Amino acid sequence: MPARRALRLAPSLLSADFADLAGAIRAAEAGGADAFHLDVMDGHFVPNLSFGPALVRAVRARTKLPLDLHLMIDEPLRYLEAFHRAGGDTLVFHVEARSDPAEVLRAGQRLGVAVGAAVRPETPVDRVLRLADRLDQVLVMSVHPGFSGQAFLPEALPKLAEARRHLATLGREVDLSIDGGITPETAGPAAEAGATFFVCGNSVFAGGPVPENLRRLRTAVEAGAARAVR
Ligand code: DX5
Ligand code: ZN
């Protein structure tokens, strides 16, 4: 039986109460969150605005968990250092952004920060897999980036499976992240298709006790992963 990969849940603070982020962080930690996902939006790459390095810094001061920064911005190269200094542990850029992906990767290496690359639903996963030997994370979007609370797009599942097959040939650990519409119903199929890092926004923060929501998601993820290795 193949070795079990670490499966991690990363609550997305975009769905939390921005006026009580400290409370959201505490509740998610109590529920066993493995990391926090922070969605940075510039109003150009996506039609929404969220937050910048100052908020990342404020979150950094409240938790020791890794901060996974999803840069939905046109010019990741320009802001990489600022987000690194603010406390981001993994900086995930989009291959569709205006910055040259190879240059973003080199900049990340110079800074000594973990770098991931993401694809929108309409972008072939190959666009990110060709960089995978230099990446720490591959992120497959299962909604159109910009807003939380959208329904999971099942087209993401074959992309995860293709990414999993490719990553298995690399001989090094690369997180395979899924982001958008992850719920106890969709988390299992995503885990079965090979995802190891699960971004969860509304399913954690939009109703019900946060620790209980996380426990339900973890049960679903583990059941899905068990089906994958059977
Ligand atoms: C969407 C963001 C997601 C979002 C996920 O652009 O990248 O991280 O917060 O939220 P849910 O889990 O509610 O789809
Ligand atoms: Zn995200």
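Scroll up to find the structure this text is about.
Here is what the cut-offs are and how they apply
- Residues numbered from 1 in each chain as written.
- Chains lettered and ligands numbered in written order.
- Predicted model: local features only at pLDDT ≥ 70, side-chain atom pairs only at ≥ 80, totals over all residues.
- Heavy atoms only, no water.
- Helix = DSSP H or I, 4+ residues; strand = E, 2+ residues; numbered from the N terminus.
- Buried < 20%, exposed > 50% of the residue type's maximum accessible area, 1.4 Å probe, protein only.
- Salt bridge = Lys/Arg side-chain N within 4 Å of Asp/Glu carboxyl O.
- Near = heavy atom within 4 Å.
- Polar contact = N/O pair within 3.5 Å; in protein donor to acceptor, adjacent residues only side chain to side chain.
- 1 Å grid on protein atoms, 1.4 Å probe; cavity = no way out; pocket = protein on both sides within 12 Å on 5 of 7 lines; lining within 4 Å.
- Sits in = over half its atoms within 2 Å of the grid points.
- Nonpolar A, V, L, I, M, F, W, Y, C, P; charged D, E, K, R; others polar.
- Axes fitted to C-alpha atoms, helices over the stretch in contact; angles between N-to-C directions.
- Parallel < 35°, antiparallel > 145°, perpendicular 65-115°, else oblique.
- Left-handed = near helix turned anticlockwise from the far one by under 90°.
- Contact = heavy atoms within 4.5 Å.

A. Here's a closer look at the environment of R57. By secondary structure assignment, the location of R57 is in helix α2 (residues 53-60). Take R57: its relative accessible area is 47%, and that puts it in the partly exposed class. Sequence separation between R57 and G87 is 30 residues, and the spatial gap between their C-alpha atoms is 6.0 Å.

B. Representation of the pattern of salt bridges in the model. All told, the structure shown has 12 salt bridges when counted by the stated rule. For D34, the salt bridge is made with R218, and the minimal N-O distance between the two is 2.9 Å. You can see D34 sitting in the loop between α1 (21-30) and β2 (36-41) and its partner R218 sitting in helix α9 (residues 210-229), a full 184 residues away along the chain. For D34, a relative accessible area of 22% corresponds to the partly exposed category. Across the pair E81 and R85 runs a salt bridge, and its minimum N-O distance is 2.8 Å. Separated by 4 residues within a single helix, E81 and R85 lie in helix α3 (residues 76-86), roughly one turn from each other. In the salt-bridge network here, residues are joined through shared partners; they are D74, E75, R78 and R98.

C. Summary view of the site of ligand 1. Neighbouring residues of ligand 1: 19 residues in total, closest S12, G146, D179, G181 and G201. Note that an oxygen atom of ligand 1 is positioned 2.8 Å from one of the backbone N or O atoms of G149. D179 is positioned such that a nitrogen or oxygen atom in its side chain is 2.7 Å from an oxygen atom of ligand 1. Counting atoms within 2 Å of the grid points, the majority share of ligand 1 lands in the largest pocket. Across the shell around ligand 1, the residue classes tally to 7 nonpolar, 10 polar and 2 charged.

D. Looking closely at the packing of α2 against α3. The geometry of α2 relative to α3 is characterised by a closest axis approach of 8 Å and an angle of 20° between their N-to-C directions. By the angle class used here, α2 and α3 are roughly parallel. By crossing handedness, the relation of α2 to α3 is classed as right-handed. Note on element contacts: α3 touches α2 through A82, F83, R85 and A86, opposite P53, V56, R57 and R60. In terms of residue class, the contact of α2 with α3 is built from 5 nonpolar, no polar and 3 charged.

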